[in-house]
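# Commentary on secondary and tertiary structure
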Amino acid sequence: MIRDLFSKKKKYATIPSEQAKQEVPEGLMTKCPQCKSIMYIKELRKNQMVCDQCGYHHRVTSSERIAITLDEGSFEEFDAEMISKDPLQFPEYADKSAKDREKTGLNEAIITGKGTIEGMGVVIGVMDPRFRMGSMGSVVGEKMSRAIQRAVDERKPFIMFAASGGARMQEGVFSLMQMAKTSTALNRLHEEGLLFISVMTHPTTGGVSASFASLGDINLAEPQALIGFAGRRIIEQTIRQKLPDDFQTAEFLLKHGQLDQVVARKEMKKTLQNIIDIHRPAHTGIKED
């Protein structure tokens with residue numbers, strides 16, 4: 001027995017067979033990019049795509065955004081059939097747009113429509129960065145302008161969730177003109193005394209941040225959202241100065257007076273409800289349809 005303790009037995013590492021391997025199915029779990037926690041995607045969705053460890057706000061799709069913002073079953077979409085043309089015959093633009101339509105199930109980078117928040121009628125627009133990085137082309141500008149006009153016609157507040165890389169370069173000046181077009185439409189809303197709530201999510205940049213996203217009567221943002229016009233490196237090279245680490249974050253903009261409030265996703269619906277309720281012409285106690 002004592003001899004066995006000192007015997008030189010060779011030990012071998014064993015490699016499990018393919019059948020024995022316990023692999024995690026694709027799409028079952030994900031890692032938080034901020035705190036590196038591993039979590040089930042199903043549980044993350046139940047938590048409105050917010051990490052329960054560190055509060056990091058993962059991106060949500062336009063349909064998910066509508067589901068967590070509006071009352072269940074109340075959404076009615078506008079202009080769903082509109083599809084971008086290729087006015088400049090930009091190389092591969094038509095093919096890439098077609099691939100985005102197939103991949104996302106969307107015809108464009110924005111969904112517009114109407115619904116209710118706790119029974120109060122609203123018109124809403126939600127941008128989706130999965131489609132051409134949420135860039136603003138002719139159709140995005142047109143759908144938004146039409147939605148604003150519907151808000152005017154129906155005397156309802158307009159809510160816009162921005163998430164965009166800016167103007168769509170493949171449409172050139174046609175895209176840039178949407179900055180003026182949407183801003184003009186919002187001016188009509190303002191002249192009618194109707195409420196515009198702008199909610200900036202990650203990311204809100206370029207021509208979108210420089211136009212309608214910054215024109216809200218109330219400007220809100222989700223935590224840690226990237227918001228700005230030019231990129232950080234370009235600005236640093238231009239001014240020859242090092243920018244703060246939190247530059248162009250929602251918290252930085254709030255601190256410098258460019259936002260009214262940074263609102264966590266779980267609190268967004270309640271916050272919107274309170275703002276709309278406060279700004280109703282008369283508190284009759286009757287809910288809108």
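What counts and what doesn't
- Residues numbered from 1 in each chain as written.
- Predicted model: local features only at pLDDT ≥ 70, side-chain atom pairs only at ≥ 80, totals over all residues.
- Heavy atoms only, no water.
- Helix = DSSP H or I, 4+ residues; strand = E, 2+ residues; numbered from the N terminus.
- Buried < 20%, exposed > 50% of the residue type's maximum accessible area, 1.4 Å probe, protein only.
- Contact = heavy atoms within 4.5 Å.
- Areas by Shrake-Rupley, 256 points an atom, 1.4 Å probe, with all protein chains shown as cover.
- Core = buried A, V, L, I, M, F, W, Y, C linked by side-chain atoms within 4.5 Å.
- 1 Å grid on protein atoms, 1.4 Å probe; cavity = no way out; pocket = protein on both sides within 12 Å on 5 of 7 lines; lining within 4 Å.
- Points joined across faces, edges and corners; volume = space filled by probe spheres on them.
- Nonpolar A, V, L, I, M, F, W, Y, C, P; charged D, E, K, R; others polar.
- Salt bridge = Lys/Arg side-chain N within 4 Å of Asp/Glu carboxyl O.
- Pairing = 2+ DSSP bridges.
- Polar contact = N/O pair within 3.5 Å; in protein donor to acceptor, adjacent residues only side chain to side chain.
- Patch = residues over 30% accessible without salt bridge, like charges linked within 9 Å, V, L, I, M, F, W, Y side chains within 5 Å.
- pLDDT = per-residue confidence, 0-100.

Broken down by element type, the protein chain carries ten helices and ten strands. A burial count over the protein chain gives 45% of its 289 residues as buried. Counting only contacts in the protein chain whose residues sit at least 6 apart along the sequence, the fraction spanning at least 24 positions is 70%. Here the protein chain has roughly 16600 Å² of accessible surface; of this, 53% comes from carbon and sulfur atoms.

Let us look at the nonpolar core. Grouped together as the largest cluster of nonpolar side chains are 55 residues, with contacts concentrated most on Phe-158, Ile-159, Leu-189, Ile-197, Phe-212, Leu-220 and Leu-272. Apart from residues no more than four positions distant in its own chain, Leu-272 is found in contact with Thr-69, Ile-117, Ile-159, Phe-161, Ile-197, Val-199 and Leu-220.

Let us now look at unusual backbone geometry. Cis rather than trans, the peptide bond between His-202 and Pro-203 has omega equal to -10°. Inspection of the secondary structure assignment puts Pro-203 in strand S7 (residues 196-205). Located in the positive-phi region is Arg-155, a residue other than glycine, with phi close to 55°. Counting through the fold element by element, Arg-155 comes out in the loop between helix H5 (138-154) and strand S6 (158-164).

This part covers empty space enclosed by the protein. One water molecule sets the probe size; rolling that probe over the atoms shows where empty space is left. Applying the stated criterion across every chain yields a total of one cavity of 30 Å³ or more. One number sums up the size of the largest cavity: a volume of about 30 Å³. In this structure, the largest cavity is lined by Gln-48, Arg-65, Ile-68, Thr-69, Glu-222, Arg-265, Met-268 and Lys-269. Mapped by element, the contributors of at least two residues to the lining of the largest cavity are helix H3 (62-69) and helix H10 (265-278). Looking at the lining of the largest cavity, its residues break down into two nonpolar, two polar and four charged.

Turning our attention to the pattern of salt bridges. For the structure on display, the rule yields 23 salt bridges. Glu-108 serves as the salt-bridge partner of Arg-168, at 2.9 Å between the closest nitrogen and oxygen. With Arg-168 in the loop between S6 and helix H6 (172-191) and Glu-108 in the loop between helix H4 (93-104) and strand S4 (110-117), this residue pair connects regions lying 60 residues apart in the sequence. Note on accessibility: Arg-168 and Glu-108 belong to one class, buried. Notably, a salt bridge pairs Arg-280 with Asp-277, separated by 2.7 Å at the nearest N-O pair. Here Arg-280 falls in the buried class, since its relative accessible area comes to 14%.

Moving on: the pairing of S4. Regular strands place their side chains on alternate faces of the sheet. With respect to burial, S4 is a largely interior element, eight of its eight residues being buried. Here S4 shows a buried face lined by Ile-110, Thr-112, Lys-114 and Thr-116 and a second buried face lined by Ile-111, Gly-113, Gly-115 and Ile-117. With three bridges joining them, strand S3 (residues 76-78) and S4 adopt antiparallel strand pairing. Bridge pairing in S4 places Glu-76 opposite Lys-114.

This brings us to the side chain of Asn-47. Note that Asn-47 resides in the loop between helix H2 (41-46) and H3. A polar atom in the side chain of Asn-47 sits 2.4 Å from the side chain of Lys-266. If we skip the residues at most four places from it in the chain, Asn-47 touches Asp-52 and Lys-266.

With respect to the secondary-structure elements, Gly-206 resides in helix H7 (residues 206-209). Put simply, Gly-206 and Phe-229 are 23 residues apart on the chain and 4.2 Å apart in space, counted from C-alpha to C-alpha. Sequence-distant contacts of Gly-206, that is, excluding residues within four places in its chain, are made with Gly-165, Gly-166, Gly-228 and Phe-229.

Before going further, it helps to spend a moment on a nonpolar patch on the surface. Together, Leu-88, Val-173, Phe-174, Leu-176 and Met-177 give the surface a local cluster of nonpolar side chains, amounting to about 480 Å² of exposed area. With respect to the helices and strands, Leu-176 occurs in helix H6. Owing to a relative accessible area of 48%, Leu-176 belongs among the partly exposed residues under this scheme.

Moving on, we get to the confidence of the model for the protein chain. Confidence along the protein chain averages 90 in pLDDT terms, with 88% of residues attaining 70 or more. Low pLDDT (under 50) marks residues 19-24, which in the prediction has two contacts with non-local residues, meaning those over four places away or in another chain.

As for its placement among the helices and strands, Thr-249 is situated in the loop between helix H8 (232-239) and helix H9 (250-255). A polar contact of 2.6 Å, which involves the side chain of Thr-249, links it to the backbone oxygen of Asp-246.

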